[in-house]
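Inside the fold
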Amino acid sequence: METTSSTPSSVTPPWDVFPQKTLDSIDIAVLVLYFVFVLAVGLWSMWKTQRSTVKGYFLAGGQMVWWPVGASLFASNVGSGHFIGLAGSGAASGIAATAYEWNGMFCVLVLAWLFLPIYIAAGVTTMPEYLRKRFGGKRIQMFLAILYLFIYIFTKISVSRKKWKQSEFNSLWKQQARFPTVCCFSALLGGLAAVIYTDALQTLIMLIGAVTLMVFSFVEVGGLEGLQTKYFDAIPSTRKENSSCGLPREDAFHIFRDPVNSDLPWPGVLVGMTIPSLWYWCTDQVIVQRSLAAKNLSHAKGGSLMTSYLKILPLFMMVMPGMISRILFPDLVACADAEICRKICGNPSGCSDIAYPKLVIELLPVGLRGLMMSVMIAALMSSLTSIFNSASTIFTMDLWKHFRPRCSEWELMIVGRVFVLLLTVVSILWIPLVQAGQGGQLFIYIQSISSYLQPPVAMVFILGCFWKRANEKGAFWGLVIGLLLGVIRLVLDFIYPEPQCGETDLRPGVVKYMHYLYFSMVLAAISTLTVLVVSMLTEPPSEEMISRLTWFTRGDLPVKKDLAVSPSPDAAKGVCEAERPALQIDISIASENSSNDNKCTTNAKGNSKLMTAFLWLCGMERKQENAENAAPTKPEPLPVASLEEKPLVKHILNINLLLCVCAGLFLWAYFA
């Protein structure tokens with residue numbers, strides 16, 4: 001079982017990667033039990049939380065404690081893309097891809113200690129909304145909202161679904177692929193609270209299953225020493241002679257690699273990788289939205305610490321099992337011939353992404369196989385539900401409200417759900433373009449696109465948060481120029497894909513010689529210089545665009561105003577664009593549309609119990625019950641999230657911060 005290259009089957013190899021076609025009854029029972037637990041948690045969260053308001057649906061009422069926040073952050077980040085993609089990158093090139101995970105250890109802490117106090121003081125729901133408050137106007141908010149949705153579709157949702165499809169080579173996996181859609185649907189009905197609570201359960205399941213497979217894998221190869229010895233002998237039986245195709249990298253067990261000729265050069269790892277990572281952990285709606293759902297800043301910090309500690313595990317739970325899969329199945333996982341790879345997985349560039357599911361099917365006994373299938377489903381569900389909820393938040397609060405500013409709360413809730421369905425269809429259409437990219441390593445595909453689109457956004461957020469002189473014109477042109485250059489490089493990468501092993505590289509020099517991590521550094525520098533120069537040559541921002549919106553002004557007293565001072569002409573029309581206290585999300589137009597609501601109430605009274613159940617399922621039942629009393633009363637102001645922390649709790653969090661940073665530095669130094 002250790003190697004397939006020694007068998008005569010290399011002449012007519014068995015290309016059926018997953019010969020087992022059906023599940024055993026025990027595996028089916030484990031799967032059913034898993035879905036029962038997930039649905040129970042989802043229904044419980046739907047029952048206990050208030051989903052009938054925008055704040056309750058999109059921010060879980062701001063009442064989450066630290067452990068579900070931390071679990072949700074981890075589950076949202078570690079989706080199926082990690083189990084399939086990280087294991088595939090480990091099988092193809094070694095442990096270097098772990099740098100992305102350990103970089104995130106520090107960036108999630110930067111979110112809690114530096115960025116989140118600013119967001120809480122600003123009282124924002126979405127990241128484009130923060131830029132609107134910080135810089136004024138509407139064009140940056142609209143620009144960023146559309147960009148975020150583009151990134152979610154093309155680097156997250158489609159890749160998650162594609163990675164799931166990559167692992168379902170037969171009816172065994174295809175039968176299970178229908179379940180996430182049902183569970184995602186039920187979780188989305190419950191809003192962010194249901195997503196966070198189910199994520200907590202998914203995290204526990206993922207950890208148990210992944211650690212179990214890790215133990216079986218290391219036992220199979222004789223521990224870490226066996227892995228380090230046998231990995232370099234994991235060579236496919238069919239490969240081109242006198243070439244490096246199919247050979248393991250000599251630096252497979254090093255994170256820091258040659259700065260010129262390696263797949264992940266160490267200067268790019270230290271700097272170019274950090275910039276997109278800061279975007280993801282500190283400005284991405286999926287991540288920040290979970291932190292804003294915490295009860296207070298201390299709980300948000302505790303959740304980030306929990307996530308940071310958990311980020312240590314992917315090397316041992318995902319990357320190294322992928323390397324072990326290459327040792328056990330070199331002809332399949334490490335195939336080096338384009339025609340053979342096409343027969344195995346349909347991708348001539350390589351089949352390293354089958355490494356993890358191959359381990360699950362071959363190593364685990366009955367029962368545990370069902371557990372690991374639950375883990376794979378949990379990973380897909382957690383990532384999709386998180387992205388769906390955050391994408392619908394951006395679309396509803398930043399785009400739909402812009403075009404229909406007098407919309408009712410009922411309309412916003414329906415639009416958010418309908419948009420999820422549209423988002424899923426669009427993301428599926430992108431999948432065929434993903435399959436040909438990045439040598440079969442989909443995790444690297446995600447990171448390369450991130451390096452082209454995210455650095456300008458990251459630098460605008462950083463300058464907006466920590467430089468008071470940055471203004472709207474500087475931020476806008478920094479985004480436009482940076483993203484224009486990024487899109488040009490992205491298009492060039494698709495026009496001139498990386499050649500397969502052994503082929504002549506005819507790509508242009510800017511694509512051939514400039515690694516995407518180095519391009520990330522250049523892009524960040526150009527965007528930063530643009531913001532600095534344009535901001536200094538134009539008028540400074542007004543006081544309203546600085547107060548409580550930067551690190552240095554986060555402690556300013558909130559300005560009490562009936563209406564926001566907004567450059568938008570909509571403010572003069574009485575549109576619901578007023579600035580509100582921190583974390584207050586109130587759609588007061590609902591009372592203005594009371595006539596429509598009263599019609600709904602009248603109809604609801606005469607409707608059947610089926611309609612009542614449907615309204616409860618959609619989170620609208622409280623709105624219907626209170627519609628009669630919704631008349632002329634002013635909306636009750638929501639509490640302002642406090643930046644104050646108890647001294648003892650603050651000291652404990654800071655000590656853990658120091659320990660976590662030291663642990664991360666030790667890991668970097670040990671594996672560098």
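Residues numbered from 1 in each chain as written. Predicted model: local features only at pLDDT ≥ 70, side-chain atom pairs only at ≥ 80, totals over all residues. Heavy atoms only, no water.

We now examine the environment of Leu384. In this structure, Leu384 sits in helix α20 (residues 368-403). Judged by its relative accessible area of 3%, Leu384 is buried. Sequence separation between Leu384 and Val195 is 189 residues; the distance between their C-alpha atoms is 9.9 Å. (Helix = DSSP H or I, 4+ residues; strand = E, 2+ residues; numbered from the N terminus. Buried < 20%, exposed > 50% of the residue type's maximum accessible area, 1.4 Å probe, protein only.)

This part is about the environment of Thr553. Relative to the elements of secondary structure, Thr553 occurs in the loop between α25 (516-537) and α26 (589-592). On a C-alpha basis, the gap between Thr553 and Phe466 in space is 9.6 Å, while along the polypeptide they are 87 residues apart. In this structure Thr553 touches Lys468, Ile546, Ser547 and Arg548, once residues within four positions along its chain are discounted. Within polar-contact distance, the side chain of Thr553 engages the backbone oxygen of Ile546 at 2.5 Å. (Contact = heavy atoms within 4.5 Å. Polar contact = N/O pair within 3.5 Å; in protein donor to acceptor, adjacent residues only side chain to side chain.)

Further remarks concern helix α15 (residues 297-310). When the terminal C-alpha atoms of α15 are compared, their 20 Å separation across 14 residues agrees well with the 20 Å that a helix rising 1.5 Å per residue should span. Among the 14 residues that make up α15, 12 are buried, leaving the element largely enclosed by the rest of the structure. Among all positions of α15, only Leu297, Ser298, His299, Ala300, Lys301, Gly302, Gly303, Ser304, Leu305, Thr307, Ser308 and Leu310 are buried. In this structure Asn296 caps α15, since a side-chain oxygen of it lies 3.1 Å from the backbone nitrogen of Ser298. (Expected span 1.5 Å × (residues − 1).)

The subject of this paragraph is the state of the cysteines. As enumerated under the stated definition, the model contains 1 disulfide in all. Cysteine Cys282 is unpaired, with the sulfur of Cys107 as its nearest cysteine sulfur at 5.9 Å. (Disulfide = S-S within 2.5 Å.)

Where nonpolar side chains cluster on the molecular surface, the patch consists of Trp477, Ile481, Leu484, Leu485, Ile488, Val522 and Ile526 and spans about 560 Å² of accessible area. Contributing elements (two or more residues each) for the nonpolar patch: α23 (472-495) and α25. Residue contributions to the nonpolar patch peak at 5 residues, all from α23. Checked against the element boundaries, Ile526 lands in helix α25. Taking relative accessible area as the criterion, Ile526 reaches 30% and is therefore assigned partly exposed. (Patch = residues over 30% accessible without salt bridge, like charges linked within 9 Å, V, L, I, M, F, W, Y side chains within 5 Å. Areas by Shrake-Rupley, 256 points an atom, 1.4 Å probe, with all protein chains shown as cover. Salt bridge = Lys/Arg side-chain N within 4 Å of Asp/Glu carboxyl O.)

Notably, Arg548 is not glycine yet its phi reads approximately 60°, a positive angle. Examined against the element boundaries, Arg548 turns out to sit in the loop between α25 and α26. Residue Arg548 is classed as buried on the basis of its relative accessible area, which comes to 13%.

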